[in-house]
Amino acid sequence: MERRAGGVQGRRAMATRVLSLVGIAVVALVALSACTDDNSFYSTISPRSESAGDIQFLYKVIFFMSLVVFVGVQVAIVYTVLHFRRRSEDDARPEQVHGNKTLEIVWTIIPAVVLLIIFIPTVQTMYDHAAEAEDANESEDAYVIEIYGKQWWWEVHYAKPDEVAQVVTANEIRVPVGRQLLFKLYSNNVIHSFWVPQLHGKMDVIPGHENELAFTVSEPGVYYGECAEFCGDAHAWMRFKVIAQPQEQFDAWVAAWKAGPSQEAAAISGDVSVAPQAFSACLACHRVNGQTANSSGGEITPLQTGLEAPQISGPNLTLFGCRTTIAAGMLEHTPENLHAWIENAPSIKPGSHMPPYGADAGGALTDEQIDAVVTYLMSLKPEGGCTPLTGENVEAPPVAGQ
Ligand code: CUA
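It should be emphasised that the depicted structure is a prediction, and the values quoted were computed from it without experimental measurement. (Residues numbered from 1 in each chain as written. Predicted model: local features only at pLDDT ≥ 70, side-chain atom pairs only at ≥ 80, totals over all residues. Heavy atoms only, no water.)

Undergrad: With reference to specific residues and values, describe the state of the cysteines.
TA: In this structure the tally under the stated criterion is 1 disulfide. Here C322 is linked by a disulfide to C386, with a sulfur-sulfur distance of 2.1 Å. Between C322 and C386, the S-S dihedral sits near -90°, and the bridge is therefore left-handed. Taken together, the positions of C322 in the loop between α4 (247-259) and β11 (325-326) and C386 in the segment after α7 (367-378) put the pair 64 residues apart, joining distant regions of the chain. On the basis of relative accessible area, C322 is assigned to the buried category, the value being 12%. (Disulfide = S-S within 2.5 Å. Helix = DSSP H or I, 4+ residues; strand = E, 2+ residues; numbered from the N terminus. Buried < 20%, exposed > 50% of the residue type's maximum accessible area, 1.4 Å probe, protein only.)

Spelled out as structure tokens, the structure:
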């Protein structure tokens, strides 16, 4: 009877072991398939710039070295377990060993060599990337784009060349394909981190300090980025996009930004350059150029830029009708979402500095007034409407709830 009970227990133990092995295999497969999904918006393994390619090369070096180590260790374990297992009750206890100088030296030297093999190309890449930023600084042709990390969105100032100077936008960074881009990163609040996995490594955005990174986007498309340094309540919703377009499309966007909205593309009757009365509440923080609501009477307000620049408190909304998301990549760009956002932003995005404006939420605007602001903002489009985006990732913006 005892033997039978032992047999059942043995089978149970075996079943548990098999189940755990199957579980581990499933987890590994899922992880592997997630890693190899080339269409992931935040993928580091489908680089679209030389800089991101360098980083992917490092990743491959480390991955394959880890693979060799992993397989080696597993083989050694399986061999040891099978070869030295206790074969019967009568087996004598093996000789007990303490310390082995040769082995210890070997297993210290091997990891040291492995680390050295990782260290050398890593440092080389870091110096190369710093040199590229240096080179972009001296180049006459590079586009210089200043990025200000805010809580919790990104302000974008175009600084060079002269044709783009003074253009300001937020969260959706339009750039020309095939041109060297130099990003200068600033913050006046806390530390953020600017990261577009397909285009470059992470770079911290530090208060009182200028950080730079440079790259050239090789193909048109929409490249997703996000803040990669915990920075407060809505850190997880501090997303952005780099929208890389062919030069002529980019130039058209810049021209449209400067020209202001066009009545032709507007969904409102009357003059799209005249903001609704209710929009005056928004002007405490936001700006739209090319219309009467601008504090400077429709002119582009000259910007100070750099480390000491006065910071703008809310996103510039020029050409808002062509944006693809609302609230730093959080919501789909629809009138309903914009209405909900204006009504009660903090209920959607934790910690949002934009107060609730809806009367129901204790704000000053009625539903009709919010609708007027929504229609107005959605009408801010250039002559001929928004140019459709081209390239990869243009179809599916990952937003809240997906
Ligand atoms: Cu900004 Cu996290």
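Undergrad: Just give me the short version of the sheet that holds strand β4 (residues 172-176), but keep the residues and values in it.
TA: Across a sheet, strands are paired by hydrogen bonds formed along the backbone, either parallel or antiparallel in direction. Here we have 5 strands laid out as an open sheet, ordered β4-β10-β9-β6-β7, and mixed in their pairing. In the strand order of this sheet, the two ends are held by β4 and β7 (203-205), each with one partner. With strand direction ignored, the average angle separating the axes of adjacent strands in the sheet is 25°. (Pairing = 2+ DSSP bridges. Axes fitted to C-alpha atoms, helices over the stretch in contact; angles between N-to-C directions.)

Undergrad: How would you sum up α7? Please name residues and give values.
TA: Its 12 residues place the ends of α7 16 Å apart at the C-alpha level, agreeing with the 16 Å of an ideal helix rising 1.5 Å per residue. For α7, the secondary structure elements touched by its buried residues are α5 (335-343). (Expected span 1.5 Å × (residues − 1). Contact = heavy atoms within 4.5 Å.)

Undergrad: Tell me what's going on with the side chain of E146, and back it up with residues and numbers.
TA: Assignment of secondary structure puts E146 in strand β1 (residues 143-150). Here E146 sits buried without a salt bridge, and the closest side chain of opposite charge, K184, lies 5.8 Å off (N-O distance). At 2.9 Å, the side chain of E146 forms a polar contact with the side chain of Y148. (Lys, Arg positive; Asp, Glu negative; His and termini not counted. Salt bridge = Lys/Arg side-chain N within 4 Å of Asp/Glu carboxyl O. Polar contact = N/O pair within 3.5 Å; in protein donor to acceptor, adjacent residues only side chain to side chain.)

Undergrad: Tell me what's going on with the pattern of salt bridges, and back it up with residues and numbers.
TA: The tally for this structure, following the rule as stated, stands at 5 salt bridges. Among the salt bridges present, the one from R48 reaches E392, with a minimum N-O distance of 2.4 Å. With a gap of 344 residues between them, R48 in the loop between α1 (2-35) and α2 (50-83) and E392 in the segment after α7 connect regions that are remote in the sequence. Looking at R48, the relative accessible area reads 15%, which means it is buried. The partner of K150 in a salt bridge is E155, with the nearest N and O atoms 2.8 Å apart. In this pair, the class of K150 matches that of E155, namely buried.

Undergrad: For α2, give the residues involved together with the corresponding values.
TA: For α2, which comprises 34 residues, the first-to-last C-alpha distance of 49 Å matches the rise-based estimate of 50 Å (1.5 Å per residue) to within 8%. If you check which residues of α2 are buried, you get S51, A52, Q56, L58 and M65.

Undergrad: Help me get a handle on the packing of α2 against helix α3 (residues 101-138), residues and values and all.
TA: Direction vectors running N to C along α2 and α3 enclose 175°, while the axes themselves pass 10 Å from each other. In terms of their interaxial angle, α2 and α3 are classed as roughly antiparallel. Two secondary-structure elements touch here, α2 through S51, D54, I55, L58, I62 and M65 and α3 through V114, I117, I118, P121, T122, T125, H129 and E132. (Parallel < 35°, antiparallel > 145°, perpendicular 65-115°, else oblique.)

Undergrad: Can you break down the nonpolar core residue by residue, with the values?
TA: Counting residues in hydrophobic clusters, the biggest one holds 37 residues, and the most contacted among them are I147, Y158, I173, V175, F183 and F194. Of all the elements in the fold, those that place two or more residues in this core are β1, β2 (153-160), β4, β5 (180-187), β8 (211-216), β9 (221-227), β10 (239-245) and α4. Sort the elements by how many residues they give to this core and α4 lands first, with 5 residues. Those residues in contact with F183, other than ones at most four positions away along the chain, are I145, I147, I173, V175, F194, N211, E212, L213 and F215. If you look at the next biggest cluster of nonpolar residues, it comprises 28 residues, including C282, I370, V374 and L377. (Core = buried A, V, L, I, M, F, W, Y, C linked by side-chain atoms within 4.5 Å.)

Undergrad: Provide a residue-level description of the sheet that holds β2, including the pertinent values.
TA: On the basis of which strands lie adjacent, the open sheet formed by 5 strands has the order β3-β2-β1-β5-β8 and mixed pairing. One side of each edge strand has no neighbouring strand; the edge strands of this open sheet are β3 (168-170) and β8. Within the sheet, the average angular offset between the axes of one strand and its neighbour, ignoring direction, is 25°. As paired strands, β5 and β8 are joined by 6 bridges and run antiparallel to one another.

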